[in-house]
Amino acid sequence: QVHVAESGGGLVPPGGSLRLSCVASGSRASDAALDWYRQPPGGQREWIASVSAGGGGDYADPVKGRFSISRDNAKNTVYLQMNVLKFEDTAVYYCNAVVHTGNMDPVSYWGQGTQVTVSS
């Protein structure tokens, strides 16, 4: 129902910036919530950002003040602007599309991830 594709990762020095993109397609893409997660090397997958009501963003504590999420509903695309990157931000970043259908449990669709490496 939803195909998710992330892009924009790469190698960046500490203090640098990257912008990730997540494009959702498919029959339910237009009403899917698109959230960002990441999984550091050897670590657990963790939620980092979601679009909040009114177009703002909700963020996990480690990225507050540095990352910014936005969504273009017309394009079924969500962006993650990452600034002042730290070594600890090194991770595979995933986009998750969540679809609600009637009274059924929500269904998640995951992208393949995009690697962000912060290194000097």
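Keep in mind that what you see is a predicted model, and the values were worked out from it rather than measured.

Considering the pairing of strand β7 (residues 67–72)
Argument step 1. Where β7 meets strand β8 (residues 77–82), six bridges bridge the pair, whose relative direction is antiparallel. Within β8, the residue paired with S68 across the bridge is Q81.
Argument step 2. Here β7 folds back onto β8 in antiparallel fashion, the turn holding four residues, of which N76 has a positive phi close to 50°.

Quick look at the sheet that holds strand β3 (residues 18–25)
Argument step 1. Taking strand neighbours across the sheet as the criterion, the four strands line up as β1-β3-β8-β7 in an open arrangement whose pairing is antiparallel. Only two strands of the sheet have a single neighbouring strand rather than two, namely β1 (3–7) and β7. Taken pair by pair, the neighbouring strands of this sheet meet at an average axis angle of 15°, ignoring direction.
Argument step 2. Two strands pair when backbone bridges link them, and β1 and β3 are joined in this way by five bridges, in the antiparallel orientation. Looking at β3, one finds that E6 is bridged to C22.

Conventions used here
- Residues numbered from 1 in each chain as written.
- Predicted model: local features only at pLDDT ≥ 70, side-chain atom pairs only at ≥ 80, totals over all residues.
- Heavy atoms only, no water.
- Pairing = 2+ DSSP bridges.
- Helix = DSSP H or I, 4+ residues; strand = E, 2+ residues; numbered from the N terminus.
- Axes fitted to C-alpha atoms, helices over the stretch in contact; angles between N-to-C directions.

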